[in-house]
Amino acid sequence: VQTYLDEMRITGLIAAQFRRDLAAVREDIAELSAERRADFEARADGLATAIAEMGPVDMDGFVAILPMTPLEEEVFRLQAEVWRAQGKPELRLWHRHRWEPLAPSEEPVTDEPPALAVAMMSNEYRADVLNLTNASERDRRLRLRITGLRGGDNPEWIAVHEVLHVGTRWFTSVAAALPEAERSGDAWEIEVPRGMTRQVWIAINRPQIDAGLHEGAVELSSAGGFAARVPLRLRIYPLRFPDRTTLYVGGWSDTNQKRGYGLTLENYEALEAYLQEHYVNAPWASGPWTKSGHFDDAGNVIEAPDTASFDEWIARWPDCRMYLIFAVVGDSFDGTSMDTPEFAAKVGGWARFWADHMVELGKRPDQLGVLLIDEPHSAEQFRTITAWARAMEAAAPGIVTWEDPQPQSMDDALVEMLESIDVICPYRKHVMTRGEWYTDLLEQMRRRGKSIWLYSADGPARTFDPFSYYLLQQWHVFALGGEGSCFWSFTDTGRVSCWNEYPAEGNGPYTPFYLDGASVTGAKYMEAIREGAEDYEYFTMLRARVDELEAEGVSAGVVAEAQALLTTAPERAVTNMGPDRQQWMVPKDREVMDRLRLQALRMLERLSRL
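Residues numbered from 1 in each chain as written. Predicted model: local features only at pLDDT ≥ 70, side-chain atom pairs only at ≥ 80, totals over all residues. Heavy atoms only, no water.

Engineer: Account for the environment of phenylalanine 226, with residues named and values stated.
Structural biologist: With respect to the helices and strands, the residue phenylalanine 226 is situated in the loop between strand S10 (212-221) and strand S11 (227-240). Setting aside anything within four residues of it in sequence, one finds phenylalanine 226 in contact with Leu91, Leu93, Arg140, Leu142, Leu220 and Ser221. (Helix = DSSP H or I, 4+ residues; strand = E, 2+ residues; numbered from the N terminus. Contact = heavy atoms within 4.5 Å.)

Engineer: I'd like a description of helix H13 (residues 557-576), backed by residues and values.
Structural biologist: The periodicity of an α-helix, 3.6 residues per turn, causes residues three or four positions apart to be oriented the same way. With 20 residues, H13 ought to run about 28 Å at 1.5 Å a step, and its terminal C-alpha atoms sit 28 Å apart, in line with that. By the largest-angle criterion, leucine 565 marks the main kink of H13, which is about 30°. Along H13, the residues that are buried comprise Val558, Val559, Ala562, Leu565, Leu566, Ala569, Pro570, Ala573 and Val574. (Expected span 1.5 Å × (residues − 1). Bend = angle between axes of the 7 residues up to and from the residue. Buried < 20%, exposed > 50% of the residue type's maximum accessible area, 1.4 Å probe, protein only.)

Engineer: Describe the sheet that holds strand S6 (residues 174-177), and please don't skip the residues or the numbers.
Structural biologist: Pairing is antiparallel in the open sheet, where five strands are placed in the order S1-S3-S9-S5-S6. Whereas interior strands pair on both sides, the edge strands pair on one side only; in this sheet they are strand S1 (91-94) and S6. Averaged over all pairs of adjacent strands, the angle between their axes in this sheet comes to 30°, without regard to strand direction. Here three bridges tie strand S5 (residues 158-166) to S6, and the two strands are oriented antiparallel to one another. Note on S6: the bridge partner recorded for histidine 165 is alanine 175. (Pairing = 2+ DSSP bridges. Axes fitted to C-alpha atoms, helices over the stretch in contact; angles between N-to-C directions.)

Engineer: I'd like a rundown of the sheet that holds S10, residues and numbers included.
Structural biologist: Spatial strand order, S2-S11-S10-S4-S8-S7: six strands in an open sheet with mixed pairing. Strand pairing shows two members of the sheet lacking a second neighbour, strand S2 (116-122) and strand S7 (182-184), which therefore form its edges. Neighbour to neighbour, the strand axes of the sheet diverge by 30° on average, direction disregarded. The sheet contacts of helix H14 (residues 592-608) involve S2 and S11, and relative to S11 the element is tilted by about 45°.

Engineer: Describe a nonpolar patch on the surface, with residues and values.
Structural biologist: Together, Val1, Tyr4, Leu5 and Met8 line one region of the surface with nonpolar side chains, adding up to about 470 Å² of accessible area. Take valine 1: it is sitting in the segment before helix H1 (2-29). (Patch = residues over 30% accessible without salt bridge, like charges linked within 9 Å, V, L, I, M, F, W, Y side chains within 5 Å. Areas by Shrake-Rupley, 256 points an atom, 1.4 Å probe, with all protein chains shown as cover. Salt bridge = Lys/Arg side-chain N within 4 Å of Asp/Glu carboxyl O.)

Engineer: Describe in detail the pattern of salt bridges, supporting the description with residues and values.
Structural biologist: The final tally for this structure, using the stated rule, is 47 salt bridges. Among the ionic pairs, arginine 143 bridges to glutamate 189, the shortest N-O distance being 3.3 Å. Residue arginine 143 is found in strand S4 (residues 140-147), and its partner glutamate 189 is found in strand S8 (residues 187-192); the two are separated by 46 residues along the sequence. Given the relative accessible area of 28%, arginine 143 is considered partly exposed. Note on glutamate 189: relative accessible area 11%, which makes it buried. For the salt bridge of aspartate 210 with arginine 150, the shortest nitrogen-to-oxygen distance reads 3.3 Å. A residue pair is termed long-range when its members are at least 10 positions apart, and aspartate 210 in the loop between strand S9 (197-205) and S10 and arginine 150 in the loop between S4 and S5 qualify at 60 residues. Residues joined in a network through salt bridges with shared partners are Arg141, Arg143, Arg145, Asp153, Glu182, Asp186, Glu189, Glu191, Glu219 and Arg229.

Engineer: Can you lay out helix H10 (residues 436-447) for me, pointing to particular residues and giving the numbers?
Structural biologist: Along its twelve residues, H10 runs 16 Å from first to last C-alpha, staying within 8% of the 16 Å computed at 1.5 Å per residue. Residues of H10 that are buried: Tyr438, Leu441, Leu442 and Met445. The arc enclosing the buried residues of H10, seen along the axis, measures out at 95°, which places them on a common side. The exposed residues of H10 that point more than 90 degrees off its buried face are Glu436 and Arg447. Contact partners of the buried residues in H10: helix H8 (412-420), strand S21 (423-424), helix H9 (428-433) and strand S22 (451-456). (Arc of directions from axis to C-beta.)

Structural data, given as structure tokens:
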């Protein structure tokens, strides 16, 4: 019975996507003249019947990339025929903002020719997109080349990705997956299915070229004689983005264990490389070794903790700002209850061991952060954390105590706990909804020297806007005077392949990219996290430059302008996006961040001349 119910649920989700595809076709049919509509309407009715009567889709090896089945291919085939009947060109090129959602058969709303433009520093990552809508009788395979930019055609610092439409558990597909386009000779190959729109993500990856305006083109061609040229303007400002970013970026992954959730022995190395490329500099680890070892009542080591797994993990993450471990503590340690004086001595001995071991590894003790209890919300949990944190601070003040509290209301145990720890990382949605008592408390703690981070933990990931949920979080951190940003989770796939989330249960997958048992494929969500970290760095650089100039006594008006921008830009960004606007399908101004970022970039250029 359960198997049957699962099949019916999954079939219903897939059929819902097919019905959405067909609804878009029917909208176009309705625009035809009455005599031309009849045949198309009959065919659409036949497809509707086929969708209603479709049997279970075999999940063995199934991937939810559209078109998912021959039946969905027929829907898109009809879409292409209707477009041709409307007199639309067989292949249309158009542009829209890279964070806007894109439906499988979405069309341009104007005849304005597309043009791509990217403004940036050298040594950072940015991107723009181009949309290709295919109304022809067959799938189109196009060759794409980047020409005219300094450094020759197809410079090595440009990557081209096809944006795939992938079905989700929430009835609508999303255009988010970013596999690299196939390279063939001096061009990339782009596949555009008939009746669909394929988006191409043009990534500018750490260009090492002179400052100035570089004008080139995206050239497209096909064996059938199609040719098009889309302008590409790349402006490099006379500034260099730092090799290492300031913002702490993490996202519970536990790659030290090499398996668990969606993590496997086959994908963990690729995952670590991908995360490091996206500025993840505060990785997470967990395991039984976190509380291993035995200590006497004075805190001396009787049996040293097991460091093998930790050491191997650290070696694979050599350049991180902080290494975070989830210790999962309770009201006792090494057989000693929290209400005894020996408890503090033993915990202190444990903390001192790990502080010394960080030094042995060539690291600082303050590069080790410890989460004691995950998402604490009760007075009992707050008191346990306080006991551990005080014992650790007394014995090894360098180690960072890190907590992600979810308090329901203000109480003395909460305040005492917050005062005892080093990093406070609240759930971002609570910061936006709990009211002034919570934000005032966090600001009070920040003024007392506590480091404020934010984390989000909502799913499934595909329903959330890369812009307002993922990118904006880094702006929110800056607006709070914070220092870190985390997401649940870089490995929680709902125990399914991200390429087929239909069988998943709960709120997964949470993973902001496409992870399966053997591979990692990028996605817009993770690109948004990286861009947010870069935006945070812009304002960090701007603040540092303003401080330098003020210390030198420079009182030019531009310094006051920059100081105002440091306050108004993050505030504008955060107030523009509330917790009710984090879903991708909710309309919003997704270009605001680019406008504010470019203001900061131009301001940095002006201040660099002073």
